[in-house]
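Architecture at a glance
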Amino acid sequence: LHKLGHSADAVDDGVKAVQAVMSKHYDLVLMDWMMPQMDGLTASQEIIRILPRQSERPQIAMLTAHVSPGHREMCEAAGVDMYITKPVRMQELDALCRSCPSKSLMT
């Protein structure tokens, strides 16, 4: 992300992801589905519950290796903005980051 010109913070579990979003403004959150403490879907739901207005919260992109039927729909139902399957290609990541108004990211 830094090579693409973006500033990024990283956390290692879903609880910390929610805490980070509550303590700092991010334009985009790259949320991994499989995280300890709180999975990415639950963390995304919590962020959306706390910041219900889309204009107040970051866009959330769910990163997942799950390509099973229903996972994309679960994300959409939860309010997640984007669903990206792993492995993520550099071009895809760059396009995703460019779609945000500035360059403040959390992974």
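Each remark here, short or long, concerns the structure printed above.
Fair warning: this is a prediction, and the values are worked out from it, not measured in the lab. (Residues numbered from 1 in each chain as written. Predicted model: local features only at pLDDT ≥ 70, side-chain atom pairs only at ≥ 80, totals over all residues. Heavy atoms only, no water.)

Some details on the pattern of salt bridges
Taken as a whole and assessed by the stated rule, the structure comprises 7 salt bridges. Here Asp9 makes a salt bridge to Lys24, at a shortest N to O gap of 2.8 Å. Of this pair, Asp9 sits in strand 1 (residues 7–9) while Lys24 sits in the loop between helix 1 (14–23) and strand 2 (28–32); the two residues are 15 residues apart in sequence, bridging distant segments of the chain. Assessed through its relative accessible area of 27%, Asp9 is described here as partly exposed. Given a relative accessible area of 39%, Lys24 falls into the partly exposed group. The salt bridge partner of Lys86 is Asp32, with a shortest N-O separation of 2.6 Å. A residue pair is termed long-range when its members are at least 10 positions apart, and Lys86 in the loop between strand 4 (82–85) and helix 4 (90–98) and Asp32 in strand 2 qualify at 54 residues. Using a relative accessible area of 37% as the deciding quantity, one classes Lys86 as partly exposed. (Salt bridge = Lys/Arg side-chain N within 4 Å of Asp/Glu carboxyl O. Helix = DSSP H or I, 4+ residues; strand = E, 2+ residues; numbered from the N terminus. Buried < 20%, exposed > 50% of the residue type's maximum accessible area, 1.4 Å probe, protein only.)

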